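Structural features, examined
Single-letter residue listing:
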Amino acid sequence: MEKTNSYTYFGIGSKGEIGHRGLVAYESGIFNPDDITKLLGIQPFSSWNYGDIRKNGSKYLFSDWSAEKSTVGRLDIEAQCMETIKNLKNKISLLKEIKEQYDVHYVIMIVPSIYGEEKPLMSFNEEIIKFCYLTGTTIEVDMYVYPDEVESI
């Protein structure tokens, strides 16, 4: 098959309330992503600040910072999570300070794209669980499932 793949990344986002406009950050959860980049010394692959303009012209009502994306081992989510947290494990005290300063949540996001019957292996070793426990990080899955073959019209 070879189409099925997955990737993981670490994200920091504003806590807030979900309403008719989507997520709206609590005032205490609004942060400048550049400050996070400077504190952690890690360059994000994606970030935005509260009030930045989206592609559709609306404004982001929360802040977000995403980094440490991993695609190692096309279907090995555990290896990807280990790669994602590799540069963060020695920054646990900094991550705790960021959480104290801002009302944010941490996530390891897993994004598998599954074609047909091929499935990625999803497991988490003690090191990943310990990192998540110590930092209050959740693990979320944003899964995309596609048929094995696309029917032509």
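None of the values given here were measured: they were computed from a predicted structure. (Residues numbered from 1 in each chain as written. Predicted model: local features only at pLDDT ≥ 70, side-chain atom pairs only at ≥ 80, totals over all residues. Heavy atoms only, no water.)

A separate point is the overall build of the protein chain. Each helix and strand in the protein chain was counted, giving four helices and eight strands. Looking at the protein chain alone, contacts between residues at least 24 apart form 71% of all its contacts between residues at least 6 apart. Carbon and sulfur atoms provide 50% of the accessible area of the protein chain, an area that totals close to 9,100 Å². Where the 16 positive side-chain charges of the protein chain centre and where its 23 negative ones centre are 4 Å apart. (Helix = DSSP H or I, 4+ residues; strand = E, 2+ residues; numbered from the N terminus. Contact = heavy atoms within 4.5 Å. Areas by Shrake-Rupley, 256 points an atom, 1.4 Å probe, with all protein chains shown as cover. Lys, Arg positive; Asp, Glu negative; His and termini not counted. Charge placed at Lys NZ, Arg CZ, Asp CG, Glu CD.)

This brings us to the confidence of the model for the protein chain. Model confidence for the protein chain is summarised by a mean pLDDT of 91, while 96% of its residues fall at 70 or above. Averaged over each element, pLDDT in the protein chain is lowest for strand 3 (residues 22-25) (86) and highest for helix 4 (residues 126-135) (98). (pLDDT = per-residue confidence, 0-100.)

On to the nonpolar core, then. In this structure, F10, I12, I36, L40, W65, I108 and F131 are the most contacted members of the largest nonpolar core, which totals 23 residues. Those elements giving two or more residues to this core turn out to be strand 1 (5-14), helix 1 (33-40), strand 5 (64-70), helix 2 (77-85), helix 3 (92-101), strand 6 (104-115) and helix 4. Top contributing element to this core by residue count: strand 6, with four residues. Look past the residues within four positions of F10 in its chain and what remains in contact with it is W65, S66, A67, E68, T84, L88, L95, Y106, V107, I108, F131 and T137. (Core = buried A, V, L, I, M, F, W, Y, C linked by side-chain atoms within 4.5 Å. Buried < 20%, exposed > 50% of the residue type's maximum accessible area, 1.4 Å probe, protein only.)

Counting buried positions along strand 1 gives eight out of 10 residues, so the element sits mostly inside the fold. Strand direction decides the pairing type here: strand 1 and strand 6, joined by 10 bridges, are antiparallel. Its bridge partner lying in strand 6, G11 is registered against V107. Pairing of strand 1 with strand 5 involves five bridges; the strand directions are antiparallel. Looking at the pairing, I12 lines up with W65 of strand 5. (Pairing = 2+ DSSP bridges.)

A few words on the packing of aromatic side chains. All chains considered together, the criterion is met by nine aromatic pairs. Ring centres of Y9 and F45 lie 5.3 Å apart, and the angle between their planes is 85 degrees; this geometry places the pair in the edge-to-face category. With Y9 in strand 1 and F45 in the loop between helix 1 and strand 4 (46-48), the pair connects residues that are 36 residues apart, well separated along the chain. Measuring from ring centre to ring centre gives 6.0 Å for F31 and Y102, while their planes differ by 55 degrees; the resulting arrangement is tilted. (Phe/Tyr/Trp six-rings, centres within 6.5 Å; stacked < 30°, edge-to-face > 60°.)

Take helix 4 next. Looking at helix 4, one finds that the buried residues are I128, F131, C132 and T135. Each buried residue of helix 4 lies within a common arc of 95 degrees when the element is viewed along its axis, so the set occupies one face. Across from the buried face of helix 4, at angles greater than 90 degrees, the exposed residues are E126, K130 and Y133. Residues of helix 4 that are buried make contact with strand 1, helix 2, helix 3, strand 6 and strand 7 (137-141). By the N-cap criterion, in which a side-chain oxygen at the helix start approaches the backbone nitrogen of a residue two or three places on, helix 4 is capped by N125, the distance to E127 being 3.1 Å. In the stretch just after helix 4, G136 is the one whose phi turns positive, near 70 degrees. (Arc of directions from axis to C-beta. Polar contact = N/O pair within 3.5 Å; in protein donor to acceptor, adjacent residues only side chain to side chain.)

The contact between helix 2 and helix 4 brings their axes to 10 Å, and the two run at 45 degrees. By the angle class used here, helix 2 and helix 4 are oblique. By crossing handedness, the relation of helix 2 to helix 4 is classed as left-handed. The segment helix 2 lies against helix 4, with E78, C81, M82 and I85 engaging E127, I128 and F131. For the contact of helix 2 with helix 4, the per-class residue count stands at five nonpolar, no polar and two charged. (Axes fitted to C-alpha atoms, helices over the stretch in contact; angles between N-to-C directions. Parallel < 35°, antiparallel > 145°, perpendicular 65-115°, else oblique. Left-handed = near helix turned anticlockwise from the far one by under 90°. Nonpolar A, V, L, I, M, F, W, Y, C, P; charged D, E, K, R; others polar.)

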